[in-house]
Amino acid sequence: MSNNLYAKLPSTERLIQVMQQHFYDTPNLLLKTKINEYLENLRQQIKKGNISKIDLEEKTLIKNLLSFLNFELKPHFREVINGTGVVVHTNLGRSLLSKKALDAVCQACSHYSNLEFNLNTGKRGSRYSHVEEILCLLTGAESALVVNNNAAAVLIMLDTLAKEKEVIVSRGELVEIGGSFRIPDVMQKSGAILKEVGTTNRTHLKDYEQAINENTACIMKVHTSNYRIIGFHKSVSLEELVKLGAKYHLPIIEDMGSGNFISFSKYGFSQLNEPTVQESIKVGLDLVSFSGDKLLGGPQAGIIVGKKDIVDKIKQNPLNRALRIDKMTLSALEATLRLYLDEATALKEIPTLNLIFTPLTTLKNRARRLKNLLSKIHELEVKTVKSTSRVGGGSLPEKDISTYVVQIKMKNLSAEKLRQKLLKTTPPLIGRIEDDIFCLDVRTILSKEINLIYQIFSQQIGSGNA
Ligand SMILES: *Cc1c(COP(=O)(O)O)cnc(C)c1O
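Conventions and cut-offs
- Residues numbered from 1 in each chain as written.
- Predicted model: local features only at pLDDT ≥ 70, side-chain atom pairs only at ≥ 80, totals over all residues.
- Heavy atoms only, no water.
- UniProt positions renumbered as here; feature names shortened; annotations may be inferred.
- Core = buried A, V, L, I, M, F, W, Y, C linked by side-chain atoms within 4.5 Å.
- Buried < 20%, exposed > 50% of the residue type's maximum accessible area, 1.4 Å probe, protein only.
- Helix = DSSP H or I, 4+ residues; strand = E, 2+ residues; numbered from the N terminus.
- Domains from an automatic or database assignment.
- Contact = heavy atoms within 4.5 Å.
- Salt bridge = Lys/Arg side-chain N within 4 Å of Asp/Glu carboxyl O.

The name an unreviewed UniProt entry assigns to the protein is L-seryl-tRNA(Sec) selenium transferase, from the organism Desulfonauticus submarinus. Under the Subcellular location (unreviewed entry) heading, UniProt states for the protein: "Cytoplasm".

Here it is as structure tokens:
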């Protein structure tokens, strides 16, 4: 019986011939590889007895192969629609760049530039000079440096200051960020020796003080960005640590995680009170590091600001060369930072901030628009519901912001099956499941994507589309 089925499979050559008409600009090698992959998959299905004669009728097979190739032949790295409501979603690319940053990247890459060329002297310059001044202006720091990401920033700070020496960190701050970035592991890689003090929920100034010895290199504060201890807890303030550092001549450094320049409480978001880089510098920290692509809303980067003598040492660390940023990052970062020179402009033009601060009424209208469109599709049952979004990316832990979601139920399809189907559409549509219902949170859905979502459902999902 199953032998019969194998015999029904068309030859690769035959399928290539047919598919060349649909994918005429696809290189043959790629087409052939993908068709073989498809045929191999069918053979496996036959072996398992998962397939019937009807599935192998030429018409059905060709139709299924077409939709397989339509998905598979696209570039592997592609756009998706973020319906999760998580604004800084590390798996979905974190921050969207502002228009200004995008233009800057295009400019930087389509022309030669003064990347490492000093236009005053006509001689070699430094790539960091382009953003150092503006970073100092925005944060009040004496000096600044940018590396590949914040993990790299932490690594190079510790490698410079604390190789084979002790770094004192509170137990409550030894966090894992996700994607297996753990503060203790990075520390070990840098050659620093971790000296844990206090307990998980409470650390006192005397705990730090008692841990200081002749081999202590610095004290490090880590912003516990993705969790929060509630209840009986105590941590030592930056002010107290700075005083302690002065007493023992020890640098106090901080991994702030998500960098932030804006005091959210000013804008009626007091529940989102995330510390700012300026505050840490003002208190007198020696070094502060943070990400470029979390709350800051720029490209992936690790920014280090602080006292000039220490930043100068980091600049001379050979690791700096290995962790350096490229011209695309640099151009996007400078453009993003320039927007922060005027806070109102930053809030308007930086997508990450814009998405976080979208008024609830706007979200409600957007959800309604989407619901009304999707309701035209008879197989769907659609509703708008008030819910909550997360900022994400290890920012603002446990702080939910109100939003509207569109709940979508499809006849004869579980929420999980619908979720899986939507992963394969063009573009893929990523949502979340709440109470066993598939939901799209409109906070992270751009206004221009509403029609596209309707098209995805009407043209790619539904009875006619397996
Ligand atoms: C996110 C985060 C990091 C890692 O930053 P990347 O820019 O992703 O490398 C390090 N420390 C903290 C506290 C973070 O929140």
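After that view, the rundown keeps rolling.
Draft legend 1. Spatial organisation of the nonpolar core. Counting residues in each nonpolar core, the largest one holds 86 residues, and the members touching the most others are M220 and V305. The element that contributes the greatest number of residues to this core is helix α7 (residues 150-162), accounting for nine residues. Viewed by domain, this core spans two of them, domain 2 (81-91 + 356-463) and domain 3 (99-349), each represented by three or more residues. With residues near it in sequence (within four places) discarded, M220 still touches V154, L158, V167, I168, V169, E173, I183, M187, I253 and D255.

Draft legend 2. Representation of the domain arrangement of the protein in the model. Assigned domains of the protein: these are domain 1 (1-72), domain 2 (81-91 + 356-463) and domain 3 (99-349). With centres defined by C-alpha atoms, the gap from domain 1 to domain 3 works out at 52 Å.

Draft legend 3. Broad picture of the pattern of salt bridges. What the rule picks out here adds up to 23 salt bridges. Residue E116 pairs with R324 through a salt bridge whose shortest N-O separation is 3.8 Å. One end of the pair, E116, is in the loop between α5 (99-110) and β2 (117-118); the other, R324, is in the loop between α13 (319-322) and α14 (327-339), with 208 residues separating them in the sequence. When the shortest N-O distance is used, the salt bridge between R432 and D441 registers 3.0 Å. Accessibility classification places R432 together with D441 in one group, the buried group. One continuous salt-bridge network, built from bridges that share partners, spans E116, R124, R127 and R324.

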